[in-house]
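# Tertiary structure, described
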Amino acid sequence: MAEAEALHPEEQLGKAYDARLMARLWVYVRPYRRWFWLAVASLPATSVAMLVRPYLLKVGIDRYVARGDVRGLRILALAYLGAMVAEFAFFYLQYALTMSVALRSLADLRRDLFTHVQRLPLSFFDRNPVGRVVTRLTTDVDVISEMFAAGALTILMDAVMLLGIMGIMFAIDVRLALVTLSLVPLMILAINFFRVKARDNYRRIRERVARINAYLQEAISGMRVIQLFAREEHAFRTFDRFNDAHRRAYHLSNVYEAALFSLAETVSSASMALVLAYGGSRILGGALALGTLVAFFEYIQRFFVPIRDFSTKYAVMQSAMAAAERVFQLLDTPAEPRGGKARSGVGRAGSVEFDRVWFAYRGDEYVLRDVSFRVEPGETVALVGPTGAGKSTVIKLLARFYEVPRGTIRVEGRALADWDTEALRRRIGVVFQDVFLFAGTVAENIALGRRDLGPAEVAAAARRVRADRFIERLPGGYEELVRERGYNFSTGQRQLIAFARALAYDPEILVLDEATASVDPETEHLVQEALRELFRNRTAIVIAHRLSTVESADRILVLHRGRIRESGTHQELLEARGLYYRLYQLQFSAPPERRAAAAAR
Ligand code: ADP
């Protein structure tokens, strides 16, 4: 069975650094590695320019101010300015380059993801809600990019800088350094506490965001039903609850962050007070130079910033790794098998055969059981049966949306598995019941996927299925824009466009799920004529909902609970007085209300 794995849920968090994931991300950074390394190289330059400044202050105060050396002071001031300009320049370079590399690599990653998603088997989409797949391509990739934006990659660099500051402090004055660092253990404890809290809370936020997304998706796509049944109030309350829960979790994370930030500020100020008290008394005693004290103040401020940011960066790294894990899981989901290499059949063009086919969407809940039938070239076969009998499954298998675990389907004498999928789908035109129109013009929707079709061919296809008249009456004609999946067209019109689309391909075999929705008599007439045109000179397998279709079919197959129970022409089956006879009475000749009752059964 094509058991495509379900995607990871959102809330798992793992390591903050995962070499394997990093190596995979590197594949995307690699094309831009020159810029990347340039950015990396400007990091230490930024740090050096930053660390040198307090030291310059110290030298300025202790050496030049003390001696009244104005010329020396000017030079030093220039050096200070130079260090500052260098720091900003290097920082700018580093940030701009990092983001440019990040955005380019992640755009490449998105492109790969989309290409991959397009090749996933339909069973994957059965198992994974659309919202989750969309999240992988949007939010998750953004979360990875945050790793670059938040400077999380520089955590190591931060550590080096901390060591650097400590080294300088100890080199200047050991005792003052010890006093300065006396409160650091407290800070580390606090950070650890908040890190664990923030991590738990992060998981909660993700869960709640996922819940909101899932709910919104359902509510918005089901808006018609919500409005029809006046469920707005109920839907609003549910949403409000989810929204509120999300706000609370988010707020909590802000509370933690604010607490951590103010704590860092307090500890840094307290350290300064300690240094002032201790260092000040030593200055008074003549044991310490004023410049040293000033330099310490400067270093303290620079020291607590990376410590404070550490927990944020850690959290960003952690979520980026989790996001990367999810993204790569999607990328690792096996794509639809490309099938064999055969680009043509070995048997008669247009023939189709099901040979003892079994199929289950899940486990061993078979929805097709030992289904065998043959369709000769040019023949029109109607599939009928109650709802859930397996009719749509037959056509989905024929279009190779799912792999067949038992039995064989042959198209033109060749097993589906041996066909090149693309070549196969060129030979089989499929029209589904719910016609999907894409954003674009009517002409583009008809020519779908066939770049070689010019306006003349598109118009010819439309003419053959009688779609030309309504299209030409549109204000924009063939250039009329399709809005939001074609809601500006009636069901009948959408169907005619779909017919034109199938015909533009001129497929050998046509597979069609007739729409159940009734259309106005005029369109109904057009649709019937269009169908006749579609069925002419090609093999057709139709899930029939119209009396005219079953009557004119060469053969009718009656499916019931995944088995073919009867087969014959309309007349033969009526005379047999079996399943078809009952179905005919319910479905095809009864007034609409009885049909609805039958369908509900
Ligand atoms: P019909 O077209 O005759 O109404 P289908 O072929 O759509 O019947 O469905 C046959 C059975 O397969 C039904 O019981 C249906 O619930 C099940 N089924 C259809 N599509 C899926 C799917 N994507 N995942 C799981 N079960 C499905």
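For clarity, every value in this text was computed on a predicted model and none was experimentally measured. (Residues numbered from 1 in each chain as written. Predicted model: local features only at pLDDT ≥ 70, side-chain atom pairs only at ≥ 80, totals over all residues. Heavy atoms only, no water.)

## Observations regarding the layout of surface pockets
The volume enclosed by the largest pocket comes to roughly 2400 Å³. Lining the largest pocket are 44 residues, with Phe-401, Phe-432, Phe-436, Phe-438 and Leu-448 sitting closest to its centre. The dominant element in the lining of the largest pocket, judged by the number of residues it contributes, is helix 18 (residues 491–505), at seven residues. Residue classes in the lining of the largest pocket are distributed as 25 nonpolar, seven polar and 12 charged. (1 Å grid on protein atoms, 1.4 Å probe; cavity = no way out; pocket = protein on both sides within 12 Å on 5 of 7 lines; lining within 4 Å. Points joined across faces, edges and corners; volume = space filled by probe spheres on them. Helix = DSSP H or I, 4+ residues; strand = E, 2+ residues; numbered from the N terminus. Nonpolar A, V, L, I, M, F, W, Y, C, P; charged D, E, K, R; others polar.)

## Topic: the site of the ligand
In the vicinity of the ligand there are 14 residues, among which Gly-388, Gly-390, Lys-391, Ser-392 and Thr-393 approach most closely. Note that a nitrogen atom of the ligand is positioned 3.5 Å from one of the side-chain N or O atoms of Tyr-361. Contact between the ligand and Gly-390: an oxygen atom at 2.9 Å from a main-chain N or O atom of the residue. Computed on the free molecule, the ligand has an accessible area of 560 Å², of which 67% lies beneath the protein chains in the complex. Considering only residue class, the shell around the ligand consists of five nonpolar, five polar and four charged. (Near = heavy atom within 4 Å. Polar contact = N/O pair within 3.5 Å; in protein donor to acceptor, adjacent residues only side chain to side chain. Areas by Shrake-Rupley, 256 points an atom, 1.4 Å probe, with all protein chains shown as cover.)

## Brief notes about the sheet that holds strand 5 (residues 414–415)
Across the sheet, four strands lie side by side as 2-1-4-5; this open sheet has antiparallel pairing. Because the sheet does not close on itself, it has two edges, and the strands there are strand 2 (366–375) and strand 5. Bridge count between strand 4 (residues 406–411) and strand 5: two bridges; the pairing is antiparallel. Residue pairing across strands places Arg-410 opposite Ala-415, the latter belonging to strand 5. Here helix 13 (residues 391–398) sits on the sheet in contact with strand 1 (352–360), strand 2 and strand 4, set at roughly 115° to strand 1. (Pairing = 2+ DSSP bridges. Contact = heavy atoms within 4.5 Å. Axes fitted to C-alpha atoms, helices over the stretch in contact; angles between N-to-C directions.)

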